[in-house]
Each structure stands twice: as structure tokens, then as C-alpha cells.
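Take a look at the letters that make up each chain.
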Amino acid sequence: MGSTSEFNRRDLVKRAAALGIVAVPAMSMLSACAGASSGDGDKVAKGKKTAKNPLAVNESAGLDVVIFDGGFGDKYAKDAQAEYLKAFPKAEGKVKLSSTQKIQSTLQPRFNGGNPPDLVDNSGAEQMDFGTLVGKNQLSDLTPLLDAPSVDDPNKKVRDTLRPGVIEMGQFGGKETWILYYAYTVYGVWYSKGNLRKLDAEYPETWDEMLALCAKAKKKGIAGWTYPGKYPYYLPFSLYPFIAKIGGAEVLRRIDNLEPNAWKDPAVKAAFDAYYELYKKGYVLKGSPGLDHLQSQKAWADGKALFIPNGSWVENESAKQIAANPHFDLAVGAPSSLSSSDKMPFGTIWASGGEPYIVPKAAKNSDGGMELLRIMLSKKSAQNFIKQVSSLCSFNGGTEGVTLPPGLTSAHAALQKAGSNIVNPRLQDWYVALQKERIGVGALGEMMAGRMTPDEAIKKIQKYADDTRDDSSVKKYKR
Amino acid sequence: MQHGKYRFIAGFLVIPLAIYAIFVISPFVQAIYYSFTDWTGLSPDMKMVGFDNYARLFQDDVFWAAVGNSVTLLLLLPVVTLSLGLFFAFMLNVGGRRRKKAVIGGVRGSSAYKILYFFPQVLSVPIVALLFQFAYNPESGALNAFFKAIGLDNVQPDWLGDPGIALWCVMGAMVWANVGFYVVLFSAGMSSIPKDFYEAALLDGANRFNTFFRITLPLLWDTVQTGWIYMGILALDVSAFAFVQIMSVGPGGPDYATEVLPLYVYQKTFRDGQAGYATSIGVSLLIVTLIFSAIVMRLGRRERLEF
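Reading guide: rules and limits
Think of each chain on its own: its residues are numbered from 1, step by step along the sequence as written. Chains and ligands are labelled by the order in which they are written, letters from A for the one and numbers from 1 for the other. Only residues with pLDDT of at least 70 get local features here, since the model is predicted, and only at 80 or more are side-chain atom pairs given and counted; chain-wide, interface and lining totals rely on the full set of residues. Hydrogens and water are ignored here; the side-chain numbers use all heavy atoms of the structure. When a residue's accessible area, from a 1.4 Å probe over protein chains only, is under 20% of the maximum for its type it is buried; when over 50% it is exposed; and in between it is partly exposed. Numbering goes from the N terminus for both helices and strands, where a helix is a DSSP run of H or I of at least four residues and a strand is a run of E of at least two. Here, the arc refers to the directions that run from the helix axis to the C-beta atoms. Contact between two residues is taken to exist if any of their heavy atoms lie within 4.5 Å; hydrogens are not considered. Here a salt bridge means any side-chain nitrogen of Lys or Arg lying within 4 Å of a carboxyl oxygen belonging to Asp or Glu. Side-chain atoms within 4.5 Å link the members of a nonpolar core, which is a set of buried Ala, Val, Leu, Ile, Met, Phe, Trp, Tyr and Cys residues. Planes of paired rings set the category: under 30 degrees apart is stacked, over 60 is edge-to-face and the rest tilted, where pairs are Phe, Tyr or Trp rings (Trp by its six-membered ring) whose centres lie within 6.5 Å. Being paired, for any two strands, means DSSP has found at least two bridges between them. Per the annotation, domain bounds derive from an automatic or database assignment of domains. Accessible-area loss on putting two parts together, using a 1.4 Å probe and summing over both, is the definition of buried area adopted here. Between N or O atoms, a polar contact is any pair within 3.5 Å; within protein, one atom must be a potential hydrogen donor and the other a potential acceptor, and residues adjacent in sequence are included only when both atoms are from side chains. pLDDT expresses, on a scale from 0 to 100, how confident the predictor is about each individual residue. The definition of a right-handed crossover adopted here requires that, viewed with the strands pointing away, the path from the first strand over the helix to the second runs clockwise. Orientation is described by lines fitted to C-alpha atoms, with helices fitted over the stretch in contact, and by angles between N-to-C directions that extend from 0 to 180 degrees. Oblique is the label for any angle not under 35 degrees, not over 145, and not in the 65 to 115 range, which are roughly parallel, roughly antiparallel and roughly perpendicular in turn. Amino acids are sorted into nonpolar (Ala, Val, Leu, Ile, Met, Phe, Trp, Tyr, Cys and Pro), charged (Asp, Glu, Lys and Arg) and polar (every other residue, Gly among them).

Asker: Run through helix H3 (residues 52-59) of chain B, naming residues and quoting values.
Answerer: All names here are of chain B. Taken residue by residue, H3 has Asn53, Tyr54 and Leu57 as its buried positions. The buried residues of H3 occupy one face: seen down the axis, they fall within an arc of 95°. Among the exposed residues of H3, those oriented more than 90 degrees off its buried face are Phe58 and Gln59. Residues of H3 that are buried make contact with helix H2 (14-34), helix H4 (61-93) and helix H14 (275-299).

Asker: Residues and numbers for the pattern of salt bridges, please.
Answerer: Per the counting criterion, the structure on display carries 32 salt bridges over all chains. We note a salt bridge from Asp265 of chain A to Arg254 of chain A, for which the minimum N-O separation is 2.8 Å. You can see Asp265 of chain A sitting in the loop between helix H10 (249-256) and helix H11 (266-280) and its partner Arg254 of chain A sitting in helix H10, a full 11 residues away along the chain. Take Arg254 of chain A: its relative accessible area is 25%, and that puts it in the partly exposed class. One salt bridge in this structure joins Asp272 of chain B and Arg271 of chain B, with 2.8 Å as the shortest N-O distance. Grouping residues by exposure puts Asp272 of chain B and Arg271 of chain B together as buried. Salt bridges here are not isolated pairs; linked through shared partners, they connect Glu250, Arg253, Arg254 and Asp265 of chain A.

Asker: Would you mind going over unusual backbone geometry in detail, with residue names and values included?
Answerer: Residue Glu355 of chain A is not a glycine yet carries a positive backbone phi of 50°. Residue placement: Glu355 of chain A occurs in strand S8 (residues 349-358). For Glu355 of chain A, a relative accessible area of 11% translates into the label buried. In this structure, Tyr256 of chain B is a non-glycine residue whose phi angle is positive, near 65°. Its place among the elements puts Tyr256 of chain B in the loop between helix H12 (238-247) and helix H13 (261-271).

Asker: I'd like a description of the nonpolar core, backed by residues and values.
Answerer: Ranked by size, the top nonpolar core spans 170 residues in total, and within it Ile243, Trp263, Phe272 and Phe307 of chain A carry the most contacts. Ranked by residue count, the leading element in this core is strand S4 (residues 180-192) of chain A, at 10 residues. Residue contacts for Phe307 of chain A: discarding those within four places in its chain leaves Val189, Trp190, Tyr191, Leu196, Tyr203, Pro204, Met210, Leu213, Gly224, Trp225, Thr226 and Trp300 of chain A. The next biggest cluster of nonpolar side chains, apart from the first, holds 46 residues, and it includes Met171, Ala240, Phe241 and Val244 of chain B.

Asker: Summarise the packing of aromatic side chains; cite the residues concerned and give the values.
Answerer: Residue and element names in this part refer to chain A. Within the structure shown, the criterion is met by 58 aromatic pairs over all chains. Both rings, one in Phe72 and one in Phe385, keep their centres 5.4 Å apart while their planes meet at 80°; by these two values the pair is edge-to-face. A residue pair is termed long-range when its members are at least 10 positions apart, and Phe72 in the loop between strand S1 (63-68) and helix H2 (75-87) and Phe385 in helix H16 (residues 379-389) qualify at 313 residues. By relative accessible area, which is 0% here, Phe385 ends up buried. Considering the side-chain rings of Trp300 and Phe328, the 5.4 Å spacing of their centres and the 85° angle between planes classify their relative orientation as edge-to-face. With a gap of 28 residues between them, Trp300 in helix H12 (residues 293-301) and Phe328 in the loop between helix H14 (319-323) and strand S7 (330-333) connect regions that are remote in the sequence. Each member of the aromatic cluster is reached from another via a ring pair, and the members are Tyr187, Tyr231, Tyr233, Tyr234, Phe237, Tyr240, Trp263, Phe272, Trp313 and Trp350.

Asker: Lay out the pairing of S4 of chain A in plain terms, naming residues and giving numbers.
Answerer: Residue and element names in this part refer to chain A. Among the 13 residues of S4, 13 are classified as buried, and the element is accordingly described as predominantly covered. Here S4 pairs with strand S6 (residues 305-311) via five bridges, running antiparallel. Residue Tyr191 lies in a different strand from S6, and its bridge partner there is Phe307. As defined by bridge partners, S4 adjoins S7 across four bridges and the pair is classed as antiparallel. If you follow Tyr191 over to S7, its bridge partner there is Ala331.

Asker: Can you lay out the domain arrangement of chain A for me, pointing to particular residues and giving the numbers?
Answerer: Residues and elements named next belong to chain A. Domain annotation of chain A identifies domain 1 (63-184 + 353-412) and domain 2 (186-351 + 424-470). If you average the C-alpha positions of domain 1 and of domain 2, the two centres end up 29 Å apart. Contacts between the two partners involve 19 residues from domain 1, matched on the other side by 15 residues from domain 2. Carbon and sulfur atoms supply 47% of the area buried between domain 1 and domain 2, which totals about 1300 Å² over both sides. Considering only the surface of domain 1 that becomes buried against domain 2, Met169, Tyr184 and Ser410 emerge as the three largest contributors, covering 31% of it. On inspection of domain 1 and its partner domain 2, the count reaches zero salt bridges. Applying the counting rule to domain 1 against domain 2 returns six residue pairs in polar contact (both at pLDDT 80 or more). Secondary structure elements with two or more residues in the side of domain 1 that touches domain 2: helix H6 (166-169), S4 and helix H17 (406-418).

Asker: Any details on the environment of Gln462 of chain A? Residues and values, ideally.
Answerer: Residues and elements named next belong to chain A. With respect to the element layout, Gln462 can be found in helix H20 (residues 454-470). Measuring from C-alpha to C-alpha, the distance between Gln462 and Pro289 comes to 23 Å, with 173 residues separating the pair along the chain. Those residues in contact with Gln462 that lie beyond four places of it in its chain are Glu259, Pro260, Asn261, Ala262, Trp263 and Lys264. Of note is the side chain of Gln462, whose polar atom sits 3.4 Å from the backbone nitrogen of Ala262.

Asker: Can you explain H10 of chain A? Please cite residues and give values.
Answerer: Residues and elements named next belong to chain A. Of the positions making up H10, those classed as buried are Val251, Leu252, Ile255 and Asp256. Looking straight down H10, one finds its buried side chains confined to an arc of 135°; they lie on one side. Tucked inside the fold, the buried residues of H10 contact helix H9 (236-247), H11, strand S10 (422-423) and helix H18 (427-430). Leu258, located one to two residues past H10, shows a positive phi value of around 55°.

Asker: If you had to explain the confidence of the model for chain A to someone new, which residues and values would you point to?
Answerer: Residue and element names in this part refer to chain A. Taken as a whole, chain A shows an average pLDDT of 86; of its residues, 91% reach a score of 70 or greater. Contacts from residues 1-7, a stretch scored under 50 in pLDDT, to residues over four places away or in other chains number 11 contacts. Within the model, pLDDT remains below 50 along residues 21-40, and this stretch shows 52 contacts once partners closer than five positions in the same chain are excluded.

Asker: Describe the pairing of strand S2 (residues 95-100) of chain A, naming the residues involved and giving the relevant values.
Answerer: Residues and elements named next belong to chain A. Looking at chain direction, S1 and S2 are connected through six bridges and run parallel. Across the sheet, Val65 pairs through a bridge with Leu97, a residue of S2. Handedness of the crossover joining S1 and S2 through H2: right-handed.

Asker: Any details on the packing of H11 of chain A against helix H19 (residues 432-448) of chain A? Residues and values, ideally.
Answerer: The geometry of a pair of packed helices is captured by two quantities: the angle between their axes and the separation between those axes. Residue and element names in this part refer to chain A. Two elements in contact, H11 and H19, have axes separated by 8 Å at closest approach and are oriented at 45°. Between H11 and H19, the angle falls in the class oblique. Residues Phe272, Tyr275, Tyr276 and Tyr279 of H11 lie in contact with H19, whose contacting residues are Leu444, Met447 and Met448. Taken together, the residues that form the contact of H11 with H19 break down as seven nonpolar, no polar and no charged.

Asker: Which residues make up the side chain of Glu437 of chain A, and what values go with them?
Answerer: With respect to the helices and strands, the residue Glu437 of chain A is situated in helix H19. A polar side-chain atom of Glu437 of chain A sits 2.8 Å from a polar atom in the side chain of Arg271 of chain B. With residues near it in sequence (within four places) discarded, Glu437 of chain A still touches Val432 and Gly442 of chain A together with Val62, Tyr256, Gln267 and Arg271 of chain B.

Asker: Talk me through the environment of Lys320 of chain A; I want residue IDs and the actual numbers.
Answerer: All names here are of chain A. Tracing the sequence through the fold places Lys320 in helix H14. Residue Lys320 is classed as exposed on the basis of its relative accessible area of 75%. For the pair Lys320 and Asp265, spaced 55 residues apart in sequence, the C-alpha to C-alpha distance is 41 Å.

Asker: How would you explain the confidence of the model for chain B if you had to name every residue and give the values?
Answerer: Averaged over every residue, the pLDDT of chain B is 85; the share at 70 or more is 94%. In the predicted assembly, ipTM is 0.72 and pTM is 0.79.

Asker: How would you sum up the environment of Phe243 of chain B? Please name residues and give values.
Answerer: All names here are of chain B. Of note, Phe243 is situated in helix H12. A sequence separation of 111 residues divides Phe243 from Phe132, and the C-alpha atoms of the two residues are 9.8 Å apart. Setting aside anything within four residues of it in sequence, one finds Phe243 in contact with Val125, Val128, Ala129, Val170, Ala173, Met174, Ala177 and Ser248.

Below is the structure:
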């Protein structure tokens, strides 16, 4: 048989090794992408429509819920699930609620296989792209839920119990509402009232006061601002409402719509110049460009910097460090007025929904999924949520009788003050790559690190926006 | 007699070959197929788009930045890691001062060093990456604190936040995490080199430098080559992905300074819902890997020394 002269072990080993080399790196990246053929989700039969069951949920059908296990945990959802079982005792044992941080890796195969869960909290770092989900017709329209009577008041539709802007956020250019945001986040300039008191200062309502306060702090060795340089897309949390305040909400709308030269608006330039001045004058904490969100929040909570652009989750996320200073007294400020000719009044702030819930189109028990959402949007569940995770809920209320922590109290007050002057830029949910990677890391981060002037940053961002508009692989939205 | 030899061998390997075909070959073929579609990765419907994805690659600046960084890693990471590994292993086994009785030996305390070097290997990649991230923290990290302590108050780099050095910072962590393994691997290789060779070399008056280049390295060549391939894979694959994903600004930044191919594949698939395009990037990663392995195989071809 085989003589060793032509075919020896070494050759075999070599060939195997060569194949292996090729296989190893490509394998792990590519095999993640194997697809499956489509299966039609067999829907469960409708139940009987009654006053208590307006969505006609099949009372004995199973329910499959997947929750993002992030800063808010999953307890609030489990509590709502218990309520669901109270309403539908026959479903006992068939309601499955699991939580994970890996939404995409867990659920992508199920979407591809045509057997997704009935309700998903599509949140976190592994959030599935909404544009694609909507574009590929993978989601159920939530209009039946919005038009159903609310749990607390049968004469009031669910849609009338929500905070402003929540429903619009779930729409993608049509009448259908695809997403229901459950949490309600207030973005802005977060600071410690206690630390400001030490400087005999209050939150600066004008930019001149802001600069004066930063100068004062600098003399004491405290930086005015810090930000997570590793994720510079935190900067827009205070920068975008600042732009809207200077030039009107219209500027942000044009930016969202990727209109030509939307970024060349003088309001954008004014806002960028103002932030760049913070860097130029040395008011930004040294080293900020290399900090991640937790590190920057720590430096800020330790009192090394006064202000940080952030969202209302910061109270929960940095709870420990904030608690280390009993006089911290967390609060959020709206963008300061740049000049008296600003188009919107002081108090203009960015607030929008968080924790996006979806009901997949191919879900077996989509009515059940919506029913659970309806239960979650009851006063009792909302109150439970607010108490547990100290965040506001998209259900407009539930704060009565609950002692809110200082940051949330301040956020609540900020919303009251803003009234109708709430802006809600959509770039971050419509064009994630554009917002985070290009504008955030590629331009804003570079500008705040002093490696780019505002003019260069604007030019670069405008080009990024134009590229996105011309990119046929990205679905576009208008508002 | 020669005829049917492969068939005969394959007969014994039916099961493993089938498994290989199903789990390795078929994903390859599928992936290449998907690279010609507009698949989103989030729904099963897709259509063929021909070479559109590949045409797009040529226009994509981010893709070329990723290629550049991946190739940089591929060229430098093995050289740096293996050189350090060889140097340390040599010092631990051969490079010590001559002592009585033993012909060769390591520097003093070499066994303790060996454990020390291997230590990073028992830590998982994310932990190493996180530790380095803390060290690189410009505001309160160990490195800048050290610079301050020795009076270099003005040298306070942003480390991962500076596009000029970010990739080097990531590479530093990768070298640190991997060098220990090669110290141990090369130590094992060196211990199988007969002592008489060294004795003869010493009698001829060879110094450490000569001993290393004329005896140790040639006899260790096979091991080095294996290590080279392995490091190359690491530079292109998951390890680079993990380090960049955890450590870098963005990740992939600042300004795409640390964007690498596997990360870009991940971002396009999972963040942007463009799995079809991502697989075409994956295929280009495959091509880079093929070229790399072909070059290494060719360069590494030498007569095996039997001893």
C-alpha cells in the first residue's frame, strides 16, 4: 500500500494545518451567519373578547417573553408576569420569561427561523437594528394595544396614558407603531448640587455663567466638564438639545432627515464652538478622551469634574459612587442659554423613551405579548417599575406617593419646566452607525480631544450624513 | 498500488470527514453564498445582488482602515511576541552564567520567572483587556500615575484615546497576554536540544549570541513556525476582536485607528443588520488569511534537522 516516499505524514499534517489555518479565523466569524429557511409562525387561536380581555387573548395559550437584563434588571417584568397570570390563570406554567444581556445572539436565530418570542425588550449593546426589523416586516403593529382601554380606566385608551413623544418614537414614517418604549429617559447636563454649593454656585442658566463657573472651578483644581471619551456619543445628550435651543427644534428635524447641509446650520456651529471652547480653555477634565462611561462617571462623582452629559440612568449606574458623598444631591440641568436670541427658552431638554419593547410579527401569541404590555402600562406596574429601578416610566404618572431619589426628582422637575419644549432627536435609533461611530467617535470625540476644530468636525459630519443618505443599504426615515 | 490510496484513507475517515464537511466546509460555502446577497441577518428573505457587496468594499474607507490595521497586527504581533518569547526562553534555559557541573543553565531564579511569565495565560482575554484598560486610564491609571510619580507631569498621554498610539496600546496588551505561552513552549523545545551541542559550541568559544543564532534557533525552527502561524491567526481572529472590542474607543476608534476586520464583520452584522455585506468582509478576511498562510508556508520551508 501507500509508500512513504510520495505521501508522508508530514504532507498530511501540513495540508491539514493549512486547511486549519484557513478554517479557524474565518469559521468563527462566518459560521455566526448561517441562516435558515422561513417558517410560518402558527398563531394560537384568538380568545374571547371581554371588557377584561379587550385584546381577545387566548386564555390558555403559552407566552414567551425575553427581557434585556441590564441596568433595570428583570424583576419589574416578572412582577407584571405575575399580574398576567392572575388575569389568565389557565396559562399557569406556560408563561416563560427569560432575561439575557445578549438579545441579538439569542434571538437572531429565532427570527431567522420564524419562531421568535411573543414579547421582546430589544435593548442594550446587542440591540437588534430597528430599521432592519421594521424594513423586513418582522414586527407587529401595536395599534390594537394603543387603542385598547387602559387597565386603570376603561374609558381611557392606552395611547392616552403615555408620556409625550413615546408613540411617535415607535413609528417609522408610517401610521403603524412598531415599538413601545417602556422607560422614559431624561438627557442633559448632570451635576451635583452639593458640589456646586461648595463653589457658591447654582446651575448656570447662561453659557457665560457656565464659562465663569468653569473658570472658578479651574482655580480650585476642579474641571468643569468630563465625558466618556471612549463613547463620545454621550456628548449629544446635552449637545443636541443645545443646538435645538439655539436654532429651534427644526434644526434637529433637518438633521434627522439627513437633509443636505443640515449640519451647516449656524446653530450647530455656535453649539460646537461653545463646546470646543470648553476644551480650549482647559475646562475639560484631563484624560477624558480615554475614559469609558463608568470611569468618567466615577471621576465626576468623585468631584473631579462638575458636569457630565448623560441620561437619567446615571443615578442607578453610579449609585455607589454618588452615595459616597452624602451631600452630592444629584440633579440634571437643561442646556444653558448661549445668548438672548436663542430660539427656544431655557429648560429645553431631550427626553425620550428607553427600553424598547416589540412584538414580533411571527410570534405565536402576539395578543398575549400585547396584553402583558398593557398590564405593564398600568399604574400599579408603572409604580412598581419606578420604585424598583428609579427611572421614569413611559406611562404618564405613577410618581404620586413614591419618594423619588434626588436625580429622578430633578429629572421630573426638568420635564415639568420644559413643558412642550421637549426635543427628541432620532439619529441614535434610526442611524446607529452614523450617530455612534461616525458622528460620535469620528468627529465629536476628535473635536473634544482637540484634534479637530469645530469647522472640520462639521464638515466631516456633513459628509458622513451625506454618505448615509446616499447609501442604498441603509433604510431612511423622515419625521 | 498507488491508485486508490486516498480513497482507502478516506474510507477510515468517513465520519470525521462528514463532520468536517458539515461544520466547516458547509458554513464556508454558505458564507460565500451569503456574500452575494443583501441578507440582513434579521429575516430569512434575501435576494441575490451579484458583486454589489464586493464593489462596495472598494469604496468603503472603514473597510480599508480595518484591512490596514489587521495587516499591521498580522505583521508585527507575531514578530514582537515570538522575539520576546524566544529571548526570555533563551535566558531562562541557556543564557545564564556558567555554573559548575551544568553545561548550560538559565539566569538565576529562572523557575520563578517561568511561572511569572506564564501567569497571564491563565487569565481570560476579557480580564487582561480590562486590566490594561485600567492601566491606560489617562485620569487615574497606573501608567500616568507612574509618569507623574517620576516627575513627568507633562507626559500624560490619552493612551487609548489617542489615535496615534491606540493600536499600539492594544497590541501591547496582546503581547503581554501571549508572550508567556511562547516562553513555555520554547522552553520545552529548548530542553529537547541535546546538551552536547552547546558543550561543543562552548568549547569552540561561542558566545551567547552565537549559540542562540547558530544552535538554538535553527533547532527550534519548527516550533517557531508553528508559533508564527498561531500568532498570525490570533492577530486576525477572535483575540484581536476581543481586545479591540473591550479596550478601544468606540470600539474601533478613535477615528477608526483600531478598527480591525473581525470587529467590522461583527459591527456590520449585529449592529447594522447587514449580514450579507458582513460576510463579504468575512470572505476578504479569508483571503488575507490565505495569503498569510501561503507566505508563511513558503518562507518556513527548510530542511528538518534530525537529532
